[in-house]
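# Commentary on secondary and tertiary structure
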Amino acid sequence: MEKPSNLLLKLSRRLFTNLDEQEKFIEALINPQPFSSSILWCQEKPEFSPFAVETPTHWQPQFIDRLHLGEKPGQNSLHQKGYFYCLDFSSVFAAATLLAIPEPVGLIFDMCAAPGGKSIFAWKALQPDLLISNEVIGKRLGMLISNLKRCHISPSAIVNRDSSIFAEMIPASSNLVIVDAPCTGQSLLAKGEKAPGCFHPTAINKSANRQKRIIANSAKLVSPQGYLAYMTCTYSPEENEQVCEWLLERFPHFKAMEISHLAKYQSHLTTMPCYRMFPQDRLGAGAFTVLFQNTNEGESEEINLDAMSSLYIYQNLQTSTAIS
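Looking at an unreviewed UniProt entry, one finds the protein chain named RsmB/NOP family class I SAM-dependent RNA methyltransferase, with Desmonostoc muscorum LEGE 12446 as its source organism. In its Sequence similarities (unreviewed entry) section, UniProt records this for the protein chain: "Belongs to the class I-like SAM-binding methyltransferase superfamily. RsmB/NOP family."

In structure tokens, the structure reads:
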């Protein structure tokens, strides 16, 4: 087995007091094994799936299938036709908090949307009146537009602005704001990918500061009684529990929601209801997720659709999503 770096050893000790868990965690990162892929059925799931599927977890929604190892869904003709979207099962876990949100939902705003998986999950689970997906990094816009277009996600629109713009432009307007935050991406290692410097304190602190700025701006968009979903694909407490604690200090009218179907994944690093998947669980490379609610009473602010529509770089505002 490859020797773990000192920084990885240090992180493992912070995450787990149990020596056996520390070793399993390190092994999962330095000797990565393949994970089953999963698909999200954007349209009605066919009666007979073209894929061999694993037994569903108790928290897995019906529109998700976790596939047997070796299945290659991206090569199936239904993929190109937009019947389903391929995503990592860790992403399904992270988005599973959204299943606790009661319908109907008016506006969903996805702040860091590319490549589109969380947007598509939220649209499928909650059927909003409008989904707005934002991506601030220009070179990531192409895949976001391509995925929402291919999967016939509507009514939807895509925008390309910094989170601060929307905090000023459409405050208290969104029933759900999703922040799948840019992070150090430590879980990439469990997938056999590279994430140089991902354990270095400088990279972690830089990432955490950016996350705090984005989540603070995003919180301003949430309507009274609305929801804010925060998630990452990294392990460092500075980018996860500590960001959440920071948010609650500055926005005391938000509270973290208990998600009963994820109770067994409760983070042992805090008493706040938030949830972690680790790579040694063998379901996915890892994720952190939490759902906040704005406890303020009152009405949502109406958004100026004309002003917003001038920002749209892609839109599909048709209400019908059927594929011909």
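In this structure the tally under the stated criterion is 15 aromatic pairs. Centre to centre, the rings of Phe25 and Phe278 are 6.1 Å apart; their planes meet at 90 degrees, and the pair counts as edge-to-face. Placement of the pair is Phe25 in helix 2 (residues 19-30) and Phe278 in the loop between strand 10 (275-277) and strand 11 (287-294), with a sequence separation of 253 residues. Assessed through its relative accessible area of 0%, Phe25 is described here as buried. The exposure class assigned to Phe278 is buried, which follows from its relative accessible area of 7%. Consider the rings of Phe51 and Phe84, whose centres lie 5.5 Å apart with planes at 85 degrees: the pair is edge-to-face. Taken together, the residues Phe51 in the loop between strand 1 (37-41) and strand 2 (64-66) and Phe84 in strand 3 (residues 84-88) connect sequence positions 33 residues apart. Taken as a pair, Phe51 and Phe84 share a single burial class, namely buried. Each member of the aromatic cluster is reached from another via a ring pair, and the members are Phe16, Phe25, Tyr235 and Phe278. Taking the ring centre of Phe89 as reference, the NZ or CZ of Arg66 above it sits at 5.2 Å.

For the rest of this paragraph, the subject is the sheet that holds strand 1. Reading across from one edge, 2-1-3 is the order of the 3 strands in this open sheet, with antiparallel pairing throughout. Edge positions in the sheet fall to strand 2 and strand 3, since each of these pairs with one other strand and no more. Within the sheet, the average angular offset between the axes of one strand and its neighbour, ignoring direction, is 25 degrees. Where strand 1 lies against strand 2, 3 bridges are found, and the strand directions are antiparallel. Bridging across to strand 2, Leu40 finds its partner in Ile64. On top of the sheet, helix 5 (residues 117-126) reaches strand 1, strand 2 and strand 3; it is set at about 45 degrees to strand 1, its chief contact.

A separate point is the nonpolar core. Among the nonpolar cores identified, the biggest contains 47 residues, and Trp59, Leu98, Phe121 and Leu176 are the most heavily contacted of them. Of all the secondary structure elements, the ones that give two or more residues to this core are strand 3, helix 4 (89-95), helix 5, helix 6 (141-150), strand 7 (174-180), strand 8 (222-232), strand 10 and strand 11. In terms of residue count, the dominant contributor to this core is helix 5 (6 residues). In this structure Leu176 touches Leu98, Ile101, Leu107, Ile108, Phe109, Leu126, Tyr227 and Ala229, once residues within four positions along its chain are discounted. Within the second largest apolar cluster, 38 residues are counted, among which are Phe166, Tyr230, Trp246 and Leu247.

About the cut-offs
Residues numbered from 1 in each chain as written. Predicted model: local features only at pLDDT ≥ 70, side-chain atom pairs only at ≥ 80, totals over all residues. Heavy atoms only, no water. UniProt positions renumbered as here; feature names shortened; annotations may be inferred. Phe/Tyr/Trp six-rings, centres within 6.5 Å; stacked < 30°, edge-to-face > 60°. Helix = DSSP H or I, 4+ residues; strand = E, 2+ residues; numbered from the N terminus. Buried < 20%, exposed > 50% of the residue type's maximum accessible area, 1.4 Å probe, protein only. Lys NZ or Arg CZ within 6 Å of the ring centre and 35° of its normal. Pairing = 2+ DSSP bridges. Axes fitted to C-alpha atoms, helices over the stretch in contact; angles between N-to-C directions. Contact = heavy atoms within 4.5 Å. Core = buried A, V, L, I, M, F, W, Y, C linked by side-chain atoms within 4.5 Å.

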